[in-house]
Every structure is written in C-alpha cells, then in structure tokens.
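Breakdown of the fold
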Amino acid sequence: MVEAVPQVLSLLQLSAGPVLVPALLDLLRQRVAELREQRCEVPYPDAGPDAGPDAGPGAGQAAPAPDGTAKPPAPDALPGLLDWALEGLASVGALTLGDGQATLTPLGNWAVWVKLEQICVAAQSPAGHIEQSAEDMLRGCVRLTPGPARAEYRAWLAARPAGKAVTELLAVARGDDALLRGLAFEALRVVGAAAEAEVRAAAGEPSLRPYALLWLAEHEGADPDEAPDVLTREETTWLWVDTAAAVVDHGESDLLVRHLESAVQGTVPALLDEVRRVGHPRTVQVLVALAAAHPDPALAKAVRRAAFQVHTGGS
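Residues numbered from 1 in each chain as written. Predicted model: local features only at pLDDT ≥ 70, side-chain atom pairs only at ≥ 80, totals over all residues. Heavy atoms only, no water.

Side note on the overall build of the protein
Helix and strand counts for the protein stand at 15 helices and three strands. The contacts of the protein with a sequence gap of at least 6 include a subset with a gap of at least 24, amounting to 57%. Of the roughly 17700 Å² of accessible surface on the protein, 57% is carried by carbon and sulfur atoms. (Helix = DSSP H or I, 4+ residues; strand = E, 2+ residues; numbered from the N terminus. Contact = heavy atoms within 4.5 Å. Areas by Shrake-Rupley, 256 points an atom, 1.4 Å probe, with all protein chains shown as cover.)

Topic: the side chain of H294
Mapping H294 onto the fold places it in the loop between α14 (283–293) and α15 (297–312). Those residues in contact with H294, other than ones at most four positions away along the chain, are V257, L260, L299 and A300.

Details of the packing of aromatic side chains
All chains considered together, the criterion is met by one aromatic pair. Here F185 and Y211 contribute two aromatic rings whose centre-to-centre distance is 5.6 Å and whose plane-to-plane angle is 20 degrees, an arrangement assigned as stacked. One end of the pair, F185, is in helix α8 (residues 178–191); the other, Y211, is in helix α10 (residues 209–219), with 26 residues separating them in the sequence. As far as burial versus exposure is concerned, F185 and Y211 are alike and both buried. (Phe/Tyr/Trp six-rings, centres within 6.5 Å; stacked < 30°, edge-to-face > 60°. Buried < 20%, exposed > 50% of the residue type's maximum accessible area, 1.4 Å probe, protein only.)

With respect to the nonpolar core
Within the largest apolar cluster, 38 residues are counted, with the highest numbers of intra-cluster contacts made by L138, Y153, L169, F185, L188 and V199. Those elements giving two or more residues to this core turn out to be α5 (134–140), α6 (146–158), α7 (162–173), α8, α9 (196–202), α10 and α11 (233–250). When residues no more than four places from it in sequence are discounted, the contact partners of Y153 are M137, L138, C141, L183, E186, A187 and V190. (Core = buried A, V, L, I, M, F, W, Y, C linked by side-chain atoms within 4.5 Å.)

What about unusual backbone geometry?
With phi around 55 degrees, D99 is a residue other than glycine that occupies positive phi space. Mapped onto the fold, D99 is located in the loop between β2 (95–98) and β3 (101–104). On the basis of relative accessibility, which here comes to 77%, the residue D99 falls in the exposed class.

A look at the pattern of salt bridges
All chains considered together, the criterion is met by 16 salt bridges. Close ionic contact of D273 with R277 constitutes a salt bridge, the shortest N to O distance being 2.5 Å. Residue D273 and its partner R277 are both found in helix α13 (residues 268–278); the two are separated by four residues, about one turn of the helix. On the accessibility criterion, R277 (57% relative accessible area) is exposed. (Salt bridge = Lys/Arg side-chain N within 4 Å of Asp/Glu carboxyl O.)

Points about the sheet that holds β2
Strand order across the open sheet formed by three strands is β1-β3-β2, with antiparallel pairing between neighbours. Taken across any chain shown, the strands that pair with only one partner, and hence form the sheet edges, are β1 (19–20) and β2. Inspection of the sheet shows β2 paired to β3 by four bridges, in the antiparallel sense. Across the sheet, the residue bridging to L97 is A102, located in β3. Sheet strands touched by helix α1 (residues 5–15): β1, β2 and β3. Its angle to β3, the strand with the most contacts, is close to 75 degrees. (Pairing = 2+ DSSP bridges. Axes fitted to C-alpha atoms, helices over the stretch in contact; angles between N-to-C directions.)

With respect to a negative patch on the surface
Taken together, the side chains of D223, D225, E226 and D229 define an acidic patch exposed on the protein surface. Summarising the element assignment, D225 is placed in the loop between α10 and α11. (Patch = residues over 30% accessible without salt bridge, like charges linked within 9 Å, V, L, I, M, F, W, Y side chains within 5 Å. Lys, Arg positive; Asp, Glu negative; His and termini not counted. Charge placed at Lys NZ, Arg CZ, Asp CG, Glu CD.)

A closer look at a nonpolar patch on the surface
A contiguous nonpolar surface patch, about 320 Å² in accessible area, is contributed by V2, L81 and W84. Following the sequence through the fold, V2 ends up in the segment before α1. Since its relative accessible area comes to 63%, V2 is described here as exposed.

Some words on α15
Residues that lie three or four places apart on an α-helix share one face, since the helix turns once every 3.6 residues. The terminal C-alpha atoms of α15, which comprises 16 residues, lie 22 Å apart, in line with the 22 Å expected from a rise of 1.5 Å per residue. Looking only at α15, the buried set comprises L299, A300, V303, A306, A307 and Q309. Buried residues in α15 make contact with α12 (253–260), α13 and α14. (Expected span 1.5 Å × (residues − 1).)

Some points on the confidence of the model for the protein
Per-residue confidence for the protein gives a mean pLDDT of 83, with 84% of residues at or over 70. By mean pLDDT, the top-scoring element of the protein is α9 (96), and the lowest-scoring one is helix α4 (residues 106–123) (73). Ignoring residues within four places in sequence, the model shows residues 46–63, a span with pLDDT below 50, making 18 contacts including any to other chains. (pLDDT = per-residue confidence, 0-100.)

What about the environment of A173?
Within the secondary structure layout, A173 lies in helix α7. Classification of A173 by relative accessible area gives buried; the value is 0%. Along the sequence, A173 and E135 sit 38 residues apart, while their C-alpha atoms lie 9.1 Å from each other.

Pasting the structure below:
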C-alpha cells in the first residue's frame with residue numbers, strides 16, 4: 001500500500017483538480033496487482049488476516065463453517081487502506097477530502113514535483129552508481145572529470161535521504177584512502193546546507209579538519225581561491241601530505257614532483273621540517289615516493305633522509 005500511494009498522488013497531481021475516490025481505488029488495485037506480480041506473490045484472498053505464506057495450498061479456498069456451510073470470502077482491505085492513506089495525507093495538508101473525492105493542495109503538488117525531480121535526476125546518472133555504497137560510488141568517480149563527477153554525486157544524492165548520504169560520505173572520508181576523502185568532500189559540496197551540522201562536527205577530527213574548514217568557508221561565501229586562508233600553517237601542511245598520499249596511491253610520479261611545487265613553504269628544507277612535525281600517518285610513504293620520483297639526486301637524498309628520520313623518530 002505504501003509503495004502504491006505515490007502513483008495515487010501522481011494521478012491527483014496530473015488531474016489538477018478533484019478526483020473521485022472510486023477512481024483512486026481502481027488505480028490502487030491496479031498498482032497493488034502489479035507489485036504483487038513483480039514480486040511473484042501468491043495471493044490468499046480468503047485466508048484471513050492472520051494467514052501467512054505457509055497457510056497451505058487450500059488457503060485461497062473458502063473453508064466450511066462448523067455447520068457445513070461455506071464461509072464468506074474475506075473482506076476487501078484496500079478501501080480501508082485507501083481511506084487511511086488519504087486521511088493521513090489530509091492531516092498534513094497535502095490534500096483535501098469532501099463529497100467522495102480528493103484534491104491535491106498546493107503543498108501536495110509541491111511535494112509531488114520535488115519527488116519527480118529527484119527521480120529524474122537519479123535516472124540521469126552518467127556512470128550508473130546510484131545503487132552503490134558511497135565508497136563504491138566515489139571510486140567510480142575517480143577517473144571522471146569534475147563536471148561528470150558532480151552529475152554523478154547529484155544523482156547518487158537524489159536517490160537517498162540527505163542525512164543518510166552525509167553520514168555515509170563522512171564515513172568514507174574517515175578511511176585510509178586520501179583521494180576518496182577529497183572526493184567525499186566534493187560530494188558534500190553538492191549536498192550544501194543539509195551537510196553543515198555534520199561537517200562542522202567533523203572539523204574537530206584532525207584527519208578531516210582541513211577539508212571541513214575549507215568546506216565551511218566556501219559554504220559561508222568565501223571565494224574558493226581565498227578559502228585556504230582559513231587554514232593554519234600546520235593544517236595546510238597536513239593537507240599537502242594528505243593530497244600527496246592521494247597522488248602516491250592513484251597518480252603518476254610526475255604529478256608528485258609537481259605537487260612539491262605547490263607547497264607553501266619557500267624551501268624544501270622548510271617543507272621537510274614542517275612535514276615531520278605535523279605527524280601525518282602517511283608521511284614516510286609520501287617522502288619515500290617523492291624521493292624515488294624526483295630527478296634531482298641531491299634533493300632526492302635529502303627527502304630520503306627526512307623519511308628515515310620520521311621512520312626512526314629522529315629529528
């Protein structure tokens with residue numbers, strides 16, 4: 001019944017006026033029959049409300065009464081269920097009832113349009129990940145350019161409640177994959193205001209803090225180019241290491257060399273000194289990969305020495 005009600009609402013919305021309750025009941029019967037057929041359900045119309053699927057092959061037949069006469073068939077439950085649904089919708093202002101007919105209110109029309117828009121957006125998923133978990137969806141977006149990736153985020157978000165989606169995305173962001181952490185916050189930018197409370201709470205977690213602060217700054221209207229100004233030097237360095245870890249796991253070695261040039265520190269020794277202090281869990285792997293990728297032997301040697309010092313706990 002609950003799954004069939006949206007089609008009843010669609011009829012009310014398309015009619016743009018009052019619809020007789022018997023017409024709604026006919027549509028409801030059709031939709032319930034379709035759902036039962038899709039699920040290969042075997043109906044037991046006369047088995048009574050307490051009969052389950054194990055009622056036996058004779059459950060659909062009228063059983064004899066104690067006096068030997070046939071019992072009457074079980075009453076039709078759908079009219080009562082339709083009344084229950086219509087009264088519930090009327091109680092929240094979605095429709096009005098009167099004279100055996102129902103009329104969708106402006107609030108009800110708006111609700112139907114919103115749901116239809118969500119369905120249409122979800123149907124336009126370019127990469128086909130809307131039924132997958134947040135982690136699988138983000139992994140599927142790794143090779144997408146920003147535009148198609150945002151379209152995929154929108155489609156995935158439209159197919160589930162915002163609160164549940166935000167919780168799933170932040171759970172992925174807390175994982176070990178730095179690239180998925182960044183993509184999770186890109187998807188959260190598509191969520192917008194509905195994610196603010198949880199993102200603000202995530203700013204208290206060291207691994208998420210730089211991403212959360214940047215998200216909040218942009219959400220509050222900061223220019224994306226100026227948003228990094230909200231980070232402290234230590235947070236900026238932590239984010240540099242995290243981004244480098246993403247490049248190590250998913251990128252090419254030349255990207256890692258170019259990433260070195262994006263550091264805010266003016267010299268490599270200053271960068272290495274600050275990288276050692278921030279204590280990112282991937283520091284050693286990042287420095288070893290950077291040393292292997294860099295074409296300058298002297299710089300590569302200094303980076304390897306820094307990796308060894310971090311690994312052994314030296315200064």
